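# Coordinate analysis (summary)
Listed here are the chains, written in short residue letters.
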Amino acid sequence: VFYFIQLHRFARLRFFAIMQKGRFVAALLDWYRNHQRALPWRETKDPYRVWLSEVILQQTRVTQGLPYYLRFVDRYPDVHALASAPAEEVMRLWQGLGYYSRARNLHQCAKVVSGRGGVFPDTVEGLLKLPGIGSYTAAAIASICFDRRAAVVDGNVFRVLARVFGVDTDISSNQGRIVFSDLANSLVPDEDSGQYNQAIMEFGALHCTPGSPACEDCPLKGGCFAAIHGQQPNLPVKLKKVKVRTRHFNYIVPVRDNQVWMRKREGRDIWRDLYEFLLIESVRPVSVSKCLTMAGIQDCKDVLDLGRVKHQLTHQTIYARFIRVQLPPGKRRKDVANLGSGKFYPIKKAGNLPKPIVIARWFENNPIPS
């Protein structure tokens, strides 16, 4: 019974959306023409540059992502240049953006497209076959670059549609994703779909914002469910809460002969393929002597505790502590038992390795004496 009630409700919602479609689309496009931000990826239909911007802006604000986009375009003006770049160089350029799997997928996708002669597929279905491209990015590229009728659905779109059409289905549920995808696709115009997609995303980012939507000056307020019923703070509905894990990273910084020891992170944990110091992870804060013992460092007189910093990720809170250890000159591995697969790098070389931003900032604020 519940299923048929919901099905009937969704059918009514879709019918209502289709009836309002012309006015809704026209209002958004008119607003966009007058309020859109001047951004470099909007000045082109080059799929390489549109793809690059979409990948960078996933989980990233425009103000943060724009400098990265400009650096990538300057360093890699086309997909062939990006494909032929060393992986460590790409990761270093990405440093600070987070979600580093995006950088790995970006590089791998560039190689695939370069192998196709530098030509991106021109359909959503073709784009979805490329590494790291999901439904949102595929729809954005297909609509903006190839005029395909495809709807983008991101956090901004969820918010606009939920408020305007009064959709209270949980956006974090499978059912919610189906409902919003169906609604979004029913609204995409046959022409100018790329312009429309950019308009609704921009409208959600600048006007129909999470905290303080500009309802008084909204071109949609006459037909907006949330504005009429005072439901702006309650829509969209997201019931699933993010569980945040706390971790203590005790970084020992071994220095010897004007070099510092670092290793590349591997496995399936955060920051894969980035470089770090000798890590001792603990479930709670531990003493410097305990860290040194766990690292197999004994009888070392030149030890400096450089303090602890908090680093917040979406699902994790990292407390990173840095302990610099000046090792005697000349000796090699036998003076540190658990160094593992890393090696000593000249200070300048270590500074240029791709690193988690918490370590990169530590390098900036605590230069290692050479």
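Up top is the structure.
Residues numbered from 1 in each chain as written. Predicted model: local features only at pLDDT ≥ 70, side-chain atom pairs only at ≥ 80, totals over all residues. Heavy atoms only, no water.

That bond from Leu-235 to Pro-236 is cis: its omega, 0°, falls within 30 degrees of zero. Inspection of the secondary structure puts Pro-236 in the loop between helix 12 (225-229) and strand 1 (245-256). Backbone geometry places Asp-192, a non-glycine residue, at a positive phi of 60°. Take Asp-192: its relative accessible area is 51%, and that puts it in the exposed class. One non-glycine residue with positive phi stands out, namely Asp-257, at about 50°. Of note, Asp-257 is situated in the loop between strand 1 and strand 2 (259-264). (Helix = DSSP H or I, 4+ residues; strand = E, 2+ residues; numbered from the N terminus. Buried < 20%, exposed > 50% of the residue type's maximum accessible area, 1.4 Å probe, protein only.)

Turning next to the environment of Gln-259. Relative to the helices and strands, Gln-259 is located in strand 2. Taking C-alpha positions, Gln-259 is 5.3 Å from Ile-347, a pair spaced 88 residues apart along the chain. In this structure, Gln-259 is in contact with Pro-254, Phe-344, Tyr-345, Pro-346 and Ile-347, ignoring residues within four places of it in sequence. (Contact = heavy atoms within 4.5 Å.)

Let us look at the side chain of Ser-282. Mapped onto the fold, Ser-282 is located in strand 4 (residues 278-282). At 3.0 Å, the side chain of Ser-282 and the side chain of Asn-250 are in polar contact. Aside from chain neighbours lying at most four places away, what touches Ser-282 is His-248 and Asn-250. (Polar contact = N/O pair within 3.5 Å; in protein donor to acceptor, adjacent residues only side chain to side chain.)

Attention now goes to the packing of aromatic side chains. Counted according to the given criterion, the structure contains 18 aromatic pairs. Geometrically, the ring pair formed by Tyr-48 and Trp-51 is tilted, given 5.9 Å between the ring centres and 50° between the ring planes. Within this pair, Tyr-48 and its partner Trp-51 are both found in helix 2 (residues 47-57), separated by three residues, close to a single helical turn. The exposure class of Tyr-48 is buried, given its relative accessible area of 3%. Assessed through its relative accessible area of 1%, Trp-51 is described here as buried. Ring geometry for Tyr-275 and Tyr-345: centres 6.1 Å apart, planes at 90°, overall edge-to-face. Of this pair, Tyr-275 sits in strand 3 (residues 275-276) while Tyr-345 sits in strand 7 (residues 343-346), and the two are 70 residues apart along the sequence. (Phe/Tyr/Trp six-rings, centres within 6.5 Å; stacked < 30°, edge-to-face > 60°.)

Once that is clear, we can look at the environment of Val-79. Secondary-structure assignment places Val-79 in helix 4 (residues 79-83). Exposure remark for Val-79: the relative accessible area of 3% places this residue in the buried category. Along the sequence, Val-79 and His-107 sit 28 residues apart, while their C-alpha atoms lie 9.3 Å from each other.

The subject of this paragraph is the nonpolar core. In this structure, Phe-24, Trp-51, Phe-72, Leu-161, Met-262 and Phe-277 are the most contacted members of the largest nonpolar core, which totals 102 residues. Ranked by residues supplied to this core, first place goes to helix 8 (residues 135-146) with eight residues. If we skip the residues at most four places from it in the chain, Trp-51 touches Leu-82, Leu-106, Cys-109, Ala-110, Phe-120, Ile-133, Thr-137 and Ile-141. (Core = buried A, V, L, I, M, F, W, Y, C linked by side-chain atoms within 4.5 Å.)

In total, this model carries 16 salt bridges according to the counting rule given. A salt bridge links Arg-149 to Asp-190; the nearest nitrogen and oxygen atoms lie 3.3 Å apart. On the criterion of sequence distance, the pair formed by Arg-149 in the loop between helix 8 and helix 9 (155-165) and Asp-190 in the loop between helix 10 (174-187) and helix 11 (193-206) is long-range, its members being 41 residues apart. Judged by relative accessible area, which is 40%, Arg-149 ranks as partly exposed. Of the charged contacts in the structure, one is a salt bridge between Arg-247 and Glu-281, with a shortest N-O distance of 2.8 Å. One end of the pair, Arg-247, is in strand 1; the other, Glu-281, is in strand 4, and 34 residues separate them in sequence. Residue classification places Arg-247 among the buried positions, given a relative accessible area of 4%. Connected through shared salt-bridge partners, Arg-247, Arg-263, Arg-265, Asp-269, Glu-276 and Glu-281 make up one network. (Salt bridge = Lys/Arg side-chain N within 4 Å of Asp/Glu carboxyl O.)

This next bit is on the environment of Val-160. Position of Val-160 relative to the elements: it lies in helix 9. A relative accessible area of 0% places Val-160 in the buried class. Measuring from C-alpha to C-alpha, the distance between Val-160 and Lys-129 comes to 29 Å, with 31 residues separating the pair along the chain. Dropping the residues within four chain positions of it, Val-160 is found in contact with Phe-24, Ile-200, Phe-203, Gly-204 and Cys-208.

Residue pairs spaced three or four apart in an α-helix point in one direction, given the helix's 3.6 residues per turn. Here helix 11 contains 14 residues, and its C-alpha end-to-end distance of 20 Å stays within 8% of the 20 Å for a straight helix at 1.5 Å per residue. Within helix 11, 11 of the 14 residues are buried, leaving the element largely enclosed by the surrounding structure. Taken as a whole, helix 11 has its buried residues at Ser-193, Gly-194, Tyr-196, Asn-197, Gln-198, Ala-199, Ile-200, Met-201, Glu-202, Phe-203 and Gly-204. (Expected span 1.5 Å × (residues − 1).)

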